[in-house]
Amino acid sequence: VPVKVSPNNKGFIVVNIGSGVSFLHIKGDTYERIGGSSLGGSTFLGLCALLTGCDNFDEAIDLAANGDSAKVDMLVKDIYGEDMKGNLFGTLRPTTLAASFGKMLRKERRLKARKEDLALSTLIMCSMNVAAMAHIHAKHLGIKDIVFTGNFLATTHGLRSPQGTKKYRLHTSSCI
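What you see is a predicted model; the values in this text were computed from it and never measured.

Visitor: Can you tell me about the overall build of the protein, naming the residues and giving the values?
Guide: A count of helical and extended segments in the protein gives six helices and six strands. Its helices and strands in sequence order give the protein the pattern β-β-β-α-α-β-α-β-α-α-β-α, from N to C terminus. For the protein, the residues scored as buried account for 34% of the 176 residues in total. Partitioning the contacts of the protein with sequence separation of at least 6, the portion at a separation of at least 24 is 59%.

In structure tokens, the structure reads:
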């Protein structure tokens, strides 16, 4: 698939998300692996299997498509309240993720947790980790263009797009 990137001499970053994650700096005809993470597709599927009993990737994605992560994740508003009084980080929205699975510390909430909510929280946790690492690499190198690719994305967003699945975008303009 052709990719348009800004013409510059700094290149761009490719984030390949499969079982794990690799970060590559592409510059002209050369590339260098600049990092990686073990929190990729296999982490998502493994945790979903443990938390929900699902048997395959499609089932995990179907569960996530019908989940509400706010039922299991702690949001900024859960810490500071709806009015956000005492929010020391004035730029945070009330719905900003504060802690993945943060509401699961209490037994009564764990007992009420739905498989769908757990699957979506797991998907967001893995995806946010990848996006944050990509952002850090881009900022460090002064790069604005990041290309996300790999089997994980082909399965979760390209070949299938379950209605209701939330999509997240990394705003690379904020990297510089």
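Let us keep going from here.
Visitor: Got a sec to walk through unusual backbone geometry? Specific residues and values, please.
Guide: Positive phi, close to 65°, is recorded for Phe 101, a residue that is not glycine. Looking at the element boundaries, Phe 101 is found in the loop between β5 (97-99) and α4 (107-112).

Visitor: So, the pattern of salt bridges: which residues are in play, and what are the values?
Guide: The full count for this structure, using the stated rule, is four salt bridges. With its nearest N and O atoms 3.8 Å apart, the salt bridge here joins Glu 108 to Arg 106. Relative accessible area serves as the criterion here: at 44%, Glu 108 is assigned to the partly exposed category. Judged by its relative accessible area of 48%, Arg 106 is partly exposed. Its salt-bridge partner being Glu 116, residue Arg 114 comes within 3.7 Å of it at the nearest N-O pair. Relative accessible area serves as the criterion here: at 23%, Glu 116 is assigned to the partly exposed category. It is possible to trace a salt-bridge network through shared partners that takes in Arg 114, Glu 116 and Asp 117.

Visitor: A description of the sheet that holds strand β3 (residues 30-37) should follow, citing residues and the corresponding values.
Guide: Reading across from one edge, β3-β2-β1-β6 is the order of the four strands in this open sheet, with mixed pairing throughout. On the outer flanks of this sheet lie β3 and β6 (146-149), each paired with one strand and no other. Strand-to-strand twist of the sheet, defined as the mean angle between neighbouring strand axes without regard to direction, takes the value 20°. Looking at chain direction, strand β1 (residues 12-17) and β6 are connected through four bridges and run parallel. Within the sheet, the bridge partner assigned to Val 14 lies in β6 and is Val 147. Contacts between helix α5 (residues 115-141) and the sheet are confined to β1, β2 (21-27), β3 and β6, with β1 contributing the most and set at about 160° to the helix.

Visitor: Summarise the packing of helix α1 (residues 41-52) against helix α2 (residues 57-65); cite the residues concerned and give the values.
Guide: At a minimum axis separation of 10 Å, α1 and α2 run at an interaxial angle of 75°. Looking at the two axes, α1 sits roughly perpendicular to α2. Where α1 approaches α2, its residues Gly 41, Phe 44, Leu 45, Cys 48 and Thr 52 are matched on the opposing element by Phe 57, Ala 60, Ile 61 and Leu 63. For the contact of α1 with α2, the class distribution of residues is seven nonpolar, two polar and no charged.

Visitor: Quick rundown of the pairing of β3? Include the residues and the values.
Guide: Sheet topology places β2 next to β3; seven bridges connect them, and they run antiparallel. Across the sheet, residue His 25 finds its bridge partner in β3, namely Glu 32. Connecting the antiparallel pair β2 and β3 is a turn made up of two residues, with Gly 28 showing a positive phi of about 60°.

Visitor: Residues and numbers for the nonpolar core, please.
Guide: Val 15 and Phe 44 are the most contacted members of the largest nonpolar core, which has 24 residues in total. Looking at this core, the elements that each hand over two or more residues are β1, β2, α1, α2 and α5. No other element matches the eight residues that α5 contributes to this core. In this structure, Val 15 is in contact with Val 21, Ser 22, Phe 23, Val 130, Ala 134, Ile 146, Val 147, Phe 148 and Thr 149, ignoring residues within four places of it in sequence.

Definitions and cut-offs
- Residues numbered from 1 in each chain as written.
- Predicted model: local features only at pLDDT ≥ 70, side-chain atom pairs only at ≥ 80, totals over all residues.
- Heavy atoms only, no water.
- Helix = DSSP H or I, 4+ residues; strand = E, 2+ residues; numbered from the N terminus.
- Buried < 20%, exposed > 50% of the residue type's maximum accessible area, 1.4 Å probe, protein only.
- Contact = heavy atoms within 4.5 Å.
- Salt bridge = Lys/Arg side-chain N within 4 Å of Asp/Glu carboxyl O.
- Pairing = 2+ DSSP bridges.
- Axes fitted to C-alpha atoms, helices over the stretch in contact; angles between N-to-C directions.
- Parallel < 35°, antiparallel > 145°, perpendicular 65-115°, else oblique.
- Nonpolar A, V, L, I, M, F, W, Y, C, P; charged D, E, K, R; others polar.
- Core = buried A, V, L, I, M, F, W, Y, C linked by side-chain atoms within 4.5 Å.

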